Amino acid sequence: MTEDADRLRRWRLLLGNAAEESTGGLASKTDAAMDGALAALYDTSSDGSKSRRRTAGLGGSAPKVARWLGDIRTYFPSSVVQVMQKDAIDRLGLTQLLLEPELLDAVEPDVHLVGTLLSLNRVMPETSKATARMVVEKVVREVEDRIAQKTRTAVTGALNRSARITNPRYRDIDWNRTIRANLAHYLPEHKTVVPERLLGYGRRSQAVHRDVVLAIDQSGSMASSVVYASVFGAVLASMRALKTSLVVFDTAVVDLTDKLSDPVDVLFGTQLGGGTDINRAIAYSQSLIDRPAESLFVLISDLYEGGIRAEMLRRMAAMKNAGVQVVVLLALSDDGAPSFDHDNAAALGALGIPAFACTPDKFPELLALALERGDIARWADGLQQG
């Protein structure tokens, strides 16, 4: 196929039958099948009604949807399949069909699908729960593989750096840093540096060096963030040097710390959707902090507060003034710019608590900086500019 012919073919697949006069028809059965799969989804209006120009659609039939899911996995790469699945759920109202085990077996698991399944957790029939759990577990393990080692490395490095001392024993001296810090005392005649101060590491201990509290907004818009935060929480909980607590909230607060050994259990302990009482979640989180100067509090929320706004801001200010390192993430996901309450974000910024979105790949770096009590606001500005 020539380059021009392939370009026309792509435009025909993109635009549908309406472009056939200008681009020509589809020559192969494979292209026709791809066109049918695209038409079933994108030639249907966002309210689920059929377009006047087309008669395609998925309807409400589980067998038909299952066949369609099989078709798109045959003709499109995994990344495209995930987008089409999400669009099908959003545009065609297929949420209820995901309660059927045979349909769950046909889907391509991804973070957005996990969010949808978690929102259905309370109404899911027993026949579907085992299959849904396998779907969720597959995504969780993929996320763990992606972020676990990077997180452990970043956090361990941060804790080691924070443990450096200026009067180490001989065996604990960090000679590279000591030499760099004493270059002004180089003696040319002896070709050596005479250090005036030694730098090194403190003795390793099994003591907990930092307390980390993750508070996750489980409103429906935060679904992807809940998935990633749960996995990060489980990774942090596996590190002896950290004491990690995880709470999720809507209008109520649920402490899921005892489930951190398995992030899948954490996720099935959430209930996506409902209202939001951030103030109540912060109040509970404050009760978990007994070493403010050694504590990191991460609030993951879009800041749409259904509780008492003034009290929420007062609690956040009190936590920061007590010495807690406070970080507010408007989203922890790859979903792009989030929707959030700009007034509350600005109010937190005025308190010296920046509120910003962060991708999962950048979160280990943020954690390390926060544990070292670095300049989070400056880091966030660089993240947004980049």
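Structural data are supplied above this passage.
This is a predicted model, so every value here is computed, not measured.

### What to know about the environment of proline 101
- As for its placement among the helices and strands, proline 101 is situated in helix α6 (residues 101-104).
- As for proline 101 and serine 128, which are separated by 27 residues in sequence, their C-alpha atoms are 4.9 Å apart.
- Excluding residues within four positions of it along the chain, proline 101 makes contact with Thr127, Ser128 and Thr131.

### What about unusual backbone geometry?
- At leucine 303, a position not held by glycine, the phi torsion is positive, near 70°.
- One can find leucine 303 in the loop between β8 (295-300) and α13 (309-321).
- The exposure class of leucine 303 is buried, given its relative accessible area of 0%.
- Phi is positive for arginine 373, which is not a glycine, with a value near 60°.
- As for its position among the elements, arginine 373 is in the loop between α15 (363-371) and α16 (376-385).
- Judged by relative accessible area, which is 39%, arginine 373 ranks as partly exposed.

### Notes on the packing of aromatic side chains
- A full pass over the atoms with the stated rule returns two aromatic pairs.
- Ring geometry for phenylalanine 232 and phenylalanine 363: centres 4.6 Å apart, planes at 65°, overall edge-to-face. Placement of the pair is phenylalanine 232 in helix α10 (residues 223-237) and phenylalanine 363 in helix α15, with a sequence separation of 131 residues. Per residue, the accessibility class of phenylalanine 232 equals that of phenylalanine 363, and both read buried.

### Structural notes on the pattern of salt bridges
- Under the defined criterion, the tally for this structure stands at 14 salt bridges.
- The partner of arginine 314 in a salt bridge is glutamate 311, with the nearest N and O atoms 2.9 Å apart. Here the residue arginine 314 and the residue glutamate 311 both occupy positions in helix α13, the gap between them amounting to three residues, near one helical turn.
- Looking at glutamate 311, the relative accessible area reads 24%, which means it is partly exposed.
- For glutamate 311, the salt bridge goes to arginine 315, with nearest N and O atoms at 3.5 Å. Of this pair, glutamate 311 and arginine 315 both sit in helix α13, four residues apart, which is roughly one turn of that helix.
- Three or more residues are tied together by salt bridges with common partners; here these are Arg133, Glu137, Arg141, Glu144, Asp262 and Asp265.

### Examining the environment of leucine 92
- Topologically, leucine 92 is positioned in helix α5 (residues 78-92).
- Note on leucine 92: relative accessible area 16%, which makes it buried.
- Considering only alpha carbons, one finds leucine 92 and tyrosine 42, 50 residues apart in sequence, at a separation of 9.7 Å.

### A few points about a nonpolar patch on the surface
- A cluster of nonpolar side chains, Trp11, Leu14 and Leu15, forms an exposed patch at the surface whose accessible area comes to about 350 Å².
- Turning to its location among the elements, leucine 14 is positioned in helix α1 (residues 3-15).

### Some thoughts on the nonpolar core
- Of all hydrophobic cores here, the largest spans 82 residues; its most connected members are Trp68, Leu98, Leu117, Val327, Leu329, Phe356 and Leu366.
- Top contributing element to this core by residue count: helix α8 (residues 126-162), with 12 residues.
- Ignoring any residue separated from it by four or fewer positions in sequence, one finds leucine 117 in contact with Leu98, Leu104, Met124, Ala132, Val135 and Val136.

### Let's talk about the packing of helix α7 (residues 111-119) against α10
- Two elements in contact, α7 and α10, have axes whose closest approach is 8 Å; the angle formed by their N-to-C orientations is 100°. Regarding the angle of α7 to α10, the classification is roughly perpendicular. Every residue of α10 that contacts α7 at Val111, His112, Val114 and Gly115 is listed here: Ala223, Ser224, Val227 and Tyr228.
- Each residue belonging to the contact of α7 with α10 can be placed in one class, and the counts come to five nonpolar, three polar and no charged.

### Things to note about the side chain of aspartate 35
- On the secondary structure map, aspartate 35 appears in helix α3 (residues 29-42).
- What makes aspartate 35 buried here is its relative accessible area of 10%.
- Aside from chain neighbours lying at most four places away, what touches aspartate 35 is Arg12, Leu13, Gly16, Asn17 and Leu26.

### Section: the sheet that holds strand β10 (residues 355-358)
- Pairing is mixed across the open sheet formed by six strands, whose spatial order is β7-β6-β5-β8-β9-β10. Two strands close off the open sheet at either side, each with one partner strand: β7 (253-255) and β10. The average undirected angle you get between the axes of adjacent strands in this sheet is 25°.
- Judged from the six bridges that link them, strand β5 (residues 210-217) and β8 form a sheet pairing that is parallel. Residue pairing for β8: leucine 214 is matched across the bridge by valine 298.

Criteria and cut-off values
- Residues numbered from 1 in each chain as written.
- Predicted model: local features only at pLDDT ≥ 70, side-chain atom pairs only at ≥ 80, totals over all residues.
- Heavy atoms only, no water.
- Helix = DSSP H or I, 4+ residues; strand = E, 2+ residues; numbered from the N terminus.
- Contact = heavy atoms within 4.5 Å.
- Buried < 20%, exposed > 50% of the residue type's maximum accessible area, 1.4 Å probe, protein only.
- Phe/Tyr/Trp six-rings, centres within 6.5 Å; stacked < 30°, edge-to-face > 60°.
- Salt bridge = Lys/Arg side-chain N within 4 Å of Asp/Glu carboxyl O.
- Patch = residues over 30% accessible without salt bridge, like charges linked within 9 Å, V, L, I, M, F, W, Y side chains within 5 Å.
- Areas by Shrake-Rupley, 256 points an atom, 1.4 Å probe, with all protein chains shown as cover.
- Core = buried A, V, L, I, M, F, W, Y, C linked by side-chain atoms within 4.5 Å.
- Axes fitted to C-alpha atoms, helices over the stretch in contact; angles between N-to-C directions.
- Parallel < 35°, antiparallel > 145°, perpendicular 65-115°, else oblique.
- Nonpolar A, V, L, I, M, F, W, Y, C, P; charged D, E, K, R; others polar.
- Pairing = 2+ DSSP bridges.

Remember, this is a structural readout, not a statement about activity or role.
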